[in-house]
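# Commentary on secondary and tertiary structure
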Amino acid sequence: MKVHGLLLQRDGERREERRHDGRVAVDLHNTRWCSDGLEITCDNGEKVRVAFALDCCDREAMGHVATTGGITAEDVLDSMVATVEHRYGQVNRVPEPIEWLTDNGSCYAARNTRACGRGIGLIPCKTPVSSPQSNGMAEAFVRSLKRDYVRVNPRPDAQSVIDQLPGWFAHYNDVRPHRALRYRSPREFIAQTCEALSGL
């Protein structure tokens, strides 16, 4: 029945939300953003959970939320708004629709999250179940953040980690080179792309 599309829709499920199982990277800024979360364990046993958003073209980490509880739908909404404001300033809606690529976590799949995302111009786009590689850019960011920042910095407690996160994200955006960006940082790539476009 599943193969032939004969299963009933879940309450609130919308069929027009497409499933993503192709290439994550895109060639134009602000056409697809991806989001995911990670957990950081502190020396005292506390856990910090972080949700973030990246542009799938330039890989800039545009917004994040951090909490010592679980990531909720409200946290994801805060991240969406912070991301939109980072790129466009105080606007009610993005100028052109942007795909919002996530996994199937409950905070992302919540009806309110999807509805609010659509309300500000983000098109929900989910990965297939049990297929984290379909959001490979976000998975790579998690690995980089844990390897290059979490493991080499002191993490005595949750508050110290939360306080360090903005600096880690700024360093990632301003300094850390990416092979896919020809060994430029996300913001170097953005600046050079804007410069090239203004010269046309």
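Now for a look at the structure at hand. (Residues numbered from 1 in each chain as written. Predicted model: local features only at pLDDT ≥ 70, side-chain atom pairs only at ≥ 80, totals over all residues. Heavy atoms only, no water.)

### Remarks on empty space enclosed by the protein
For clarity, the threshold we go by: Definitions used throughout: a 1 Å grid over protein atoms alone; a cavity as a set of points that fits a 1.4 Å probe which cannot get out; a pocket as an open set with protein on both sides within 12 Å along at least five of seven lines; a lining residue as one with an atom within 4 Å of a point. Grid points are joined across faces, edges and corners, and a volume is the space filled by probe spheres set on the points. Secondary structure elements are defined from DSSP: runs of H or I of at least 4 residues count as helices, runs of E of at least 2 residues count as strands, and each element is numbered from the N terminus. Note that Gly is not counted as nonpolar here; it falls among the polar residues with everything else outside the nonpolar set of Ala, Val, Leu, Ile, Met, Phe, Trp, Tyr, Cys and Pro and the charged set of Asp, Glu, Lys and Arg.
Across all of its chains, the model carries 1 cavity of 30 Å³ or more by this definition. As a volume, the largest cavity reaches approximately 70 Å³. As for the largest cavity, its lining consists of M80, W100, T102, D103, Y108, A109, T113, R114, P124, C125 and K126. Among the elements of the structure, β4 (98-102), α2 (106-109), α3 (111-119) and β5 (122-126) are those that each provide at least two residues to the lining of the largest cavity. For the lining of the largest cavity, the element with the most residues is β5, which contributes 3 residues. Partitioning the lining of the largest cavity into residue classes produces 6 nonpolar, 2 polar and 3 charged.

### Examining the layout of surface pockets
Gaps left between atoms show up when a probe the size of a water molecule is rolled over them. Each pocket or cavity is described by its volume, and for the second largest pocket that value is around 260 Å³. Forming the boundary of the second largest pocket are 13 residues, of which R59, M137, A140, H178 and A180 lie nearest the centre. Across the lining of the second largest pocket, the residue classes tally to 7 nonpolar, 3 polar and 3 charged.

### Topic: the side chain of D55
Rules: Burial classification: accessible surface area is computed with a 1.4 Å probe over protein chains only, and a residue below 20% of its type maximum counts as buried, one above 50% as exposed, and the rest as partly exposed. For this analysis, a polar contact is any N or O atom pair within 3.5 Å, provided that within protein one partner can donate a hydrogen and the other can accept it, and provided that sequence-adjacent residues contribute only side-chain to side-chain pairs. Throughout, a residue-residue contact means that at least one pair of heavy atoms, one from each residue, lies within 4.5 Å.
Note on placement: D55 falls in strand β2 (residues 47-55). Residue classification places D55 among the buried residues on the basis of a relative accessible area of 0%. A polar contact of 3.0 Å, which involves the side chain of D55, links it to the backbone nitrogen of N30. Excluding residues that lie within four positions of it along the chain, D55 makes contacts with H29, N30, R32, W33, E60, M62, R87 and M137.

Shape is all these values report; function is a separate question.
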